[in-house]
Amino acid sequence: MTGEFDNVKIQGMAAAVPGYVEENKSFESVLGARRTKKQSKLTGVFKRHISGPHQRTSDLCYAAAVRLLDKLEWNKEDIKVLIMVTQTPNYELPSTAFFLQQRLGIGKDCVVFDINLGCSSFNAGVHVVSALLQNCEVSDKALLLLGDISGQVLEPDKKLDEDVLASSILFGAAGAAVALEKVKHHSMQFLNKSDGTGFEAIIEHQGGDCRMQGEVVFEFAINDVAEDVKAFRNRFNLTESDIDYYVFHQAQKMILDNIAAVCDIPEGKELRSLEEYGNTSGTSVPVTVCANVDRFRDKDTVRLLLCGFGVGLSWGMIYSEIPVENILPVFETDEHYDEDKEMVEDLKGKCVLVMDADTEMGQYISRYLDDKSTRVILAGSDSDRLSYIQGDLFWDSCFISGTGEALIHKIASLCKDKGLCLDGIVYPNKRCVNVTEVSAIKEAGILNDQASVVIVSNEDTYRNRGEQETYDKGRRHVEVLISQVQDTLSDHGIRVNAVLYDEDKCNLVQVTGSGQEWIEKFLQEGCPQEMKRPQYINHAVKYLLSEESLYTNGNLLSVGM
């Protein structure tokens with residue numbers, strides 16, 4: 001579809017990226033210096049801005065929209081169209097655009113919805129918004145939001161092999177806002193095409209990883225996309241003197257180089273941003289414009305040919321004149337809105353007491369459980385340490401400090417005051433298991449009838465060191481503890497199990513905050529297996545606390561290391 005609007009104007013753009021920068025050279029210890037440098041040279045990506053686990057696409061789009069609306073000084077009641085184009089929305093439903101309508105304070109007299117599209121989202125989004133503005137009054141306004149968090153801090157839980165890491169060093173995260181207005185006598189030319197026969201060229205199945213057929217995408221870009229750039233210029237009689245700059249989706253350097261060559265684009269007229277921001281999916285067009293705004297500060301308006309292409313397969317372009325003063329430089333933000341978030345992970349809704357949470361293993365397990373949507377009660381003797389740990393947990397949690405009967409009394413009082421019932425108790429080491437205290441917790445009536453008690457112990461250390469006698473003695477001790485706790489809870493359906501591990505093969509690096517420090521250390525040390533092995537302990541604990549383990553009782557699970 002090719003055409004022209006004679007009454008729509010792009011009035012401004014803004015783009016936001018996360019503050020955290022990940023450099024590709026950090027991956028050299030894993031991928032090798034030669035491979036990393038070669039990939040960076042071919043793709044043109046040397047570093048990227050990536051989001052932490054709690055920063056969503058909507059946060060970046062919101063930040064960009066607020067900056068742009070403040071600059072334009074628009075009356076929000078004049079905004080009649082709000083469209084968000086993303087492949088990483090907040091929810092399955094409703095459209096994330098409704099959420100942003102509420103956050104931005106945009107009135108009810110507005111059409112609002114999401115579009116699921118990636119690399120070509122800019123041109124498609126501008127086209128859709130412009131079409132909707134045709135039914136509006138002159139001076140009515142529209143806000144197009146574009147964003148994807150293709151680049152995120154890698155999670156320790158996920159498989160982190162060379163292929164996953166090699167793919168991740170291409171993508172960044174970004175959000176953008178584009179302001180459009182219905183005006184008289186302002187032309188904007190457009191083209192939008194798609195080829196569904198290539199739908200598998202870039203595809204991600206439910207719960208899977210994104211897969212791309214690189215050769216197919218490359219051929220598509222230098223043939224279909226490049227040829228239509230030339231056809232577009234011919235259709236609208238656009239000469240090089242009519243175009244100040246070209247901006248393409250920042251797929252990778254080799255593709256951009258070839259498109260520029262096929263289209264005979266003069267050197268210096270094609271703008272890029274991928275060296276700093278990477279491939280930011282459909283947001284890459286406005287990100288590139290905003291990243292290069294200093295190039296055209298000497299102009300009142302800049303004439304741009306803007307082209308997106310990729311997933312679908314789909315491609316298109318927009319030719320428009322934009323006021324330079326309303327193109328804002330790319331800015332960084334780490335803010336995230338959390339009030340609407342709900343627990344969605346494996347242990348959602350469960351309340352778990354972690355004893356000795358102020359120890360290294362206790363802290364490690366507590367952080368993991370919080371990441372799995374657990375409401376964690378931290379118990380221990382070091383109140384300062386417990387407070388520090390709690391402050392870094394995302395979901396609602398609390399801590400109690402003390403020892404002996406006084407501590408158990410505090411736990412019982414807290415649960416009763418807050419109406420909590422424990423779905424599980426985790427002991428990070430066998431030394432902190434006190435059968436009398438377990439009995440007191442049961443007698444207090446704060447233990448769910450199908451709760452799980454999990455004892456974590458380092459017995460396998462001695463077996464793997466060849467200290468068989470010490471191992472046998474320790475294992476019998478754990479078995480006795482399990483039996484004693486079971487006897488104490490005999491009239492309940494509560495299960496008691498243990499997880500055994502080898503501490504010599506565990507490098508307990510705490511995953512704090514956004515997880516940046518963990519992944520940095522992971523990459524610097526060349527993916528040490530010792531940093532991944534503690535996750536197996538957490539996986540076992542998670543299983544024993546979940547509904548899947550209702551019939552697992554009295555077992556000693558040995559974590560294979």
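Residues numbered from 1 in each chain as written. Predicted model: local features only at pLDDT ≥ 70, side-chain atom pairs only at ≥ 80, totals over all residues. Heavy atoms only, no water.

Peer 1: For this particular structure, what's the right way to read the sheet that holds strand β12 (residues 245-248)?
Peer 2: Backbone hydrogen bonds are what pair the strands of a sheet, in a parallel or an antiparallel way. Strand order in the open sheet formed by 6 strands is β1-β9-β15-β14-β12-β13, with mixed pairing between adjacent strands. Single-partner strands in this sheet number two, and they are β1 (2-5) and β13 (270-271). Looking at chain direction, strand β9 (residues 188-194) and strand β15 (residues 314-323) are connected through 6 bridges and run antiparallel. Bridging across to β15, L191 finds its partner in M317. Sitting on the sheet, helix α10 (residues 284-291) touches β12, β13 and β14 (301-310), and the angle it makes with β12 is about 140°. (Pairing = 2+ DSSP bridges. Helix = DSSP H or I, 4+ residues; strand = E, 2+ residues; numbered from the N terminus. Contact = heavy atoms within 4.5 Å. Axes fitted to C-alpha atoms, helices over the stretch in contact; angles between N-to-C directions.)

Peer 1: It is not clear to me how the state of the cysteines should be interpreted in this structure. Could you clarify?
Peer 2: Covalent bonding between the sulfur atoms of two cysteines defines a disulfide. Evaluation of the coordinates by the stated rule reveals 0 disulfides. C307 provides the cysteine sulfur closest to C263, a residue in no disulfide bond, and the two sulfurs are 8.2 Å apart. Take C432: it sits in no disulfide, and the sulfur closest to it among the cysteines is that of C506, at 17 Å. (Disulfide = S-S within 2.5 Å.)

Peer 1: Sorry, what's going on with the sheet that holds strand β6 (residues 111-115) here?
Peer 2: What the 6 strands build is an open sheet, ordered β6-β5-β7-β8-β2-β16; its pairing is mixed. Of all the strands in the sheet, just β6 and β16 (331-332) have a single pairing partner and so form its edges. Pairing between strand β2 (residues 8-17) and strand β8 (residues 173-182): 8 bridges, direction antiparallel. Within the sheet, the bridge partner assigned to A14 lies in β8 and is A177. Set on the sheet, α10 makes contact with β2, β7 (141-149) and β8; between it and β2 the angle comes to about 85°.

Peer 1: What should I look at first to understand the pattern of salt bridges in this one?
Peer 2: Side-chain pairs of opposite charge can arise where the charged atoms are in close proximity. Using the criterion set out here, one finds 32 salt bridges in the structure. Of the charged contacts, one joins K299 and D244 as a salt bridge, the two residues approaching to 3.8 Å between their closest N and O atoms. Of the two residues, K299 sits in the loop between α10 and β14 while D244 sits in the loop between α7 (214-235) and β12, which places them 55 residues apart along the sequence. For K299, a relative accessible area of 29% puts it in the partly exposed group. Put simply, K253, D257, E270 and R272 are held in one network by salt bridges that share partners. (Salt bridge = Lys/Arg side-chain N within 4 Å of Asp/Glu carboxyl O. Buried < 20%, exposed > 50% of the residue type's maximum accessible area, 1.4 Å probe, protein only.)

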